[in-house]
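Architecture at a glance
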Amino acid sequence: MKKFFIIIFFTIGLVVKAQTVSYTYRPLAAEGCSMKYSVTKQDTAYYIIATVRSDRMKFLKEPTMLIKNFDGEVIKLQGDLIGNGSESAGIMVGNMMSPVTEINSTAQFRISQEQFELIRNGIAKVRLSTIPIEHERTFRKDKIGKKLYQFYLKARSKEDDF
């Protein structure tokens, strides 16, 4: 029975991993974060779901996302905060326990089909309104744009496959 639950856990983990695109950004240890992006369709609207994992960064109640493609076009997306959470653990350093807390914050950003076409060839820069510092990342090569466009195509085709 225990093997069964372990197999299900890893299978679900692989399915979730296949539907997200992520990167880790650590310019300074205190400002570092891990970002995950996915695409979903609710009714007729499409959304980019962004999750930040950090020791202190989280989204505002009404966050914004600025995306610049490799052609220099800028897309501004307005979002809604979905939720914040935290996980706490401890690390033993010598004889002392050092607490470590990680914050998870998730927001959704409404995006039109025309805006998806603008990121089809890649994203050069992304800026998210987070507190206490703003998250900004510049890419030399595309890491998330083409994947988000593929997720959009998959979400769009789900309606036809029913």
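It should be noted that the structure appears before, not after, this text.
As a starting point, this report considers the structure included with it. Bear in mind the structure is a predicted one, so any value in this text is a computation, not a measurement.

The rules we used
- Residues numbered from 1 in each chain as written.
- Predicted model: local features only at pLDDT ≥ 70, side-chain atom pairs only at ≥ 80, totals over all residues.
- Heavy atoms only, no water.
- Salt bridge = Lys/Arg side-chain N within 4 Å of Asp/Glu carboxyl O.
- Helix = DSSP H or I, 4+ residues; strand = E, 2+ residues; numbered from the N terminus.
- Buried < 20%, exposed > 50% of the residue type's maximum accessible area, 1.4 Å probe, protein only.
- Core = buried A, V, L, I, M, F, W, Y, C linked by side-chain atoms within 4.5 Å.
- Contact = heavy atoms within 4.5 Å.
- Phe/Tyr/Trp six-rings, centres within 6.5 Å; stacked < 30°, edge-to-face > 60°.

1. Quick word on the pattern of salt bridges
Per the counting criterion, the structure on display carries six salt bridges. Here Glu 87 ties to Arg 53 by a salt bridge, and the two come within 3.6 Å at their closest N and O atoms. In this pair, Glu 87 is assigned in strand 6 (residues 74-93) and Arg 53 in strand 3 (residues 45-54), connecting sequence segments 34 residues apart. Residue class for Glu 87 comes out partly exposed when judged on its relative accessible area of 42%. Taking the relative accessible area as the measure of exposure, Arg 53 reaches 29% and is therefore partly exposed. Connected via shared salt-bridge partners are Lys 125, Arg 127, Glu 134 and Glu 136.

2. Quick notes on the environment of Lys 158
With respect to the secondary-structure elements, Lys 158 resides in helix 3 (residues 145-161). The exposure class assigned to Lys 158 is exposed, which follows from its relative accessible area of 57%. Through-space distance from the C-alpha of Lys 158 to that of Lys 41 is 9.5 Å; in sequence the pair is 117 residues apart.

3. Considerations on the nonpolar core
The biggest cluster of nonpolar side chains holds 31 residues, and the ones touching the most others in it are Met 35, Tyr 37, Ile 48, Met 65, Phe 116 and Leu 148. A total of five residues in this core trace back to one element, the largest contributor, which is helix 3. Beyond its immediate sequence surroundings of up to four residues, Met 65 is in contact with Tyr 37, Ile 48, Ala 50, Ile 75, Lys 76, Leu 77, Phe 109, Val 126, Arg 127 and Leu 128.

4. Quick notes on the side chain of Asn 104
Structurally, Asn 104 can be placed in strand 7 (residues 96-111). Asn 104 gets classed as buried once you look at its relative accessible area, which sits at 16%. Once residues within four sequence positions are removed from consideration, Asn 104 is found in contact with Val 52, Arg 53, Gly 83, Asn 84, Gly 85 and Glu 87.

5. Some details on the environment of Met 57
Along the polypeptide, Met 57 turns up in the loop between strand 3 and strand 4 (58-59). C-alpha of Met 57 to C-alpha of Ser 129: the two residues are 72 residues apart in sequence and 9.8 Å apart in space.

6. Observations concerning the packing of aromatic side chains
Overall, the coordinates contain five aromatic pairs when judged by the stated rule. A ring pair is formed by Tyr 46 and Tyr 152, whose centres lie 5.1 Å apart and whose planes are at 75°; its orientation type is edge-to-face. Remark: Tyr 152 occurs in helix 3 and Tyr 46 occurs in strand 3; sequence separation between them is 106 residues. Take Tyr 46: its relative accessible area is 3%, and that puts it in the buried class. Judged by centre distance (5.7 Å) and plane angle (50°), the ring pair of Tyr 149 and Tyr 152 falls under tilted. Pair noted here: Tyr 149 and Tyr 152 are both in helix 3, with a separation of three residues, about one helical turn. Owing to a relative accessible area of 8%, Tyr 149 belongs among the buried residues under this scheme. Residue Tyr 152 is classed as buried on the basis of its relative accessible area of 1%. Connected via pairs of aromatic rings, a cluster forms that spans Tyr 46, Phe 116, Tyr 149 and Tyr 152.

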